[in-house]
Amino acid sequence: MTRYALAVEYDGSGFSGWQRLSKLGAPEADVPRSVQAALEAALQGVANAPVDTVCAGRTDAGVHGLSQVVHFDSDALRDPRAWTLGVTGHLPPQVAALWCQPVADDFNARFSAVARRYRYRIVNRITRPGFQRRFLSWERRPLDTDAMHEAAQALLGERDFSAFRSSQCQATHAWRNLQWLQVRRQHQQVIVDVQANAFLHHMVRNLVGSLMMVGSGERDAQWLHEVMESKDRTLAGPTAPPNGLSFIGPLYPAQWGLPPDVTWTDQIADGFAFA
């Protein structure tokens, strides 16, 4: 058996999320379609055998992926190009493989990652988006990105993010290391870039929902710090819609020899993860 790392990009619209779902006794047509199930079916089509995958970070329904990394094991004799092209040929149009390469047997797409990156994009104008509406959230009230960015800096570091986790979160604890959070404006878009060692369920969307309350003037920067200290989800802002969120991808130590877009470097450590 050879272990492979493979990266995929996907439009999360129309999917139930990343994780493969099942309903005991239900016909296959009644089971919500997941990105993982589509990928594993494509891998099986190339390998001529069932293939299980482990991903770097699960995404919710409607959330997109730019460079989701998985690992899988197979004894099928295929070179990386054959895996990449063959898998893409078996995938639905919303999903495509980016690259594939053999890795050491102890590589784990989830546990070997040292960081994960997300980007949230908001159209900030009086009318809703038409073009790229599947990839953009919308806020009609003017948002002060400087105030949002300033408030966000109080959240950096290793902290208890209980106030920003969903009630369905299955993580054993809420401590996460938030390494980078930047809010900026690009014409009519507000862009929130965030990087952490790992994320809780709905953590990014809950952070964005709270930051938008600061940006609209509904709350001040001190409020966000108070919410964090409270560890009370009911005091934070609403969960932002999923369509504005994209999983940029994980980061791994250089020892694994993966492509540059998923490899941790000193520049990334200094805050250039989203260049």
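Residues numbered from 1 in each chain as written. Predicted model: local features only at pLDDT ≥ 70, side-chain atom pairs only at ≥ 80, totals over all residues. Heavy atoms only, no water.

Undergrad: Account for the packing of helix α1 (residues 35–47) against helix α2 (residues 80–90), naming residues and giving values.
TA: The interhelical angle for the contact between α1 and α2, taken along N-to-C directions, is 120°, at an axis separation of 8 Å. By the angle between their axes, α1 is oblique relative to α2. Read as a crossing pair, α1 and α2 show a hand that is right-handed. Along its contact with α1, which presents Leu39, Ala42, Leu43, Gly45, Val46 and Ala47, the element α2 presents Ala82, Trp83, Gly86, Val87 and His90. Classifying every residue of the contact of α1 with α2 gives eight nonpolar, three polar and no charged. (Axes fitted to C-alpha atoms, helices over the stretch in contact; angles between N-to-C directions. Helix = DSSP H or I, 4+ residues; strand = E, 2+ residues; numbered from the N terminus. Parallel < 35°, antiparallel > 145°, perpendicular 65-115°, else oblique. Left-handed = near helix turned anticlockwise from the far one by under 90°. Contact = heavy atoms within 4.5 Å. Nonpolar A, V, L, I, M, F, W, Y, C, P; charged D, E, K, R; others polar.)

Undergrad: Any chance you could break down the pattern of salt bridges for me, citing the residues and the numbers?
TA: Two side chains with opposite charge may pair up if their charged atoms get near one another. With the rule as written, the count across this model stands at nine salt bridges. Ionic pairing is found between Asp73 and Arg3, a salt bridge with its closest N-O pair at 2.8 Å. One end of the pair, Asp73, is in strand β3 (residues 64–74); the other, Arg3, is in strand β1 (residues 2–10), with 70 residues separating them in the sequence. The exposure class of Asp73 is partly exposed, given its relative accessible area of 30%. Ionic pairing is found between Glu139 and Arg141, a salt bridge with its closest N-O pair at 2.9 Å. You can call Arg141 partly exposed: its relative accessible area is 35%. (Salt bridge = Lys/Arg side-chain N within 4 Å of Asp/Glu carboxyl O. Buried < 20%, exposed > 50% of the residue type's maximum accessible area, 1.4 Å probe, protein only.)

Undergrad: Pulling in residues and values, what's your account of α2?
TA: Along α2, the positions that sit buried rather than exposed are Trp83, Thr84, Gly86 and Val87. Here the buried face of α2 lies against β1, α1, β3 and β4 (95–103).

Undergrad: Please provide a residue-by-residue account of the environment of Trp175, values included.
TA: Within the secondary structure, Trp175 is located in strand β8 (residues 175–186). Here Trp175 falls in the partly exposed class, since its relative accessible area comes to 43%. It is 36 Å that separates the C-alpha atoms of Trp175 and Met1, two residues lying 174 residues apart in sequence.

Undergrad: Go over the nonpolar core, please, and point to the residues and values.
TA: Within the largest apolar cluster, 39 residues are counted, with the highest numbers of intra-cluster contacts made by Phe161, Phe164, Leu181, Val208 and Leu211. Broken down by secondary-structure element, the contributors of at least two residues to this core are β5 (115–124), α3 (145–152), β8, β9 (189–196), α4 (203–215), α5 (221–230) and β10 (245–251). Among the elements that line this core, the one with the most residues is α4, at eight residues. Listed in part, the 24 residues of the second largest apolar core include Leu43, Val70, Val87 and Cys100. (Core = buried A, V, L, I, M, F, W, Y, C linked by side-chain atoms within 4.5 Å.)

Undergrad: Could you give an account of the UniProt feature "active site" (unreviewed entry) in the chain, with specific residues and numbers?
TA: As recorded in UniProt, the sites labelled "active site" (unreviewed entry) are Asp60. Take Asp60: it is sitting in the loop between β2 (54–55) and β3. Those residues in contact with Asp60, other than ones at most four positions away along the chain, are Ser16, Gly17, His201, His202 and Arg205. (UniProt positions renumbered as here; feature names shortened; annotations may be inferred.)

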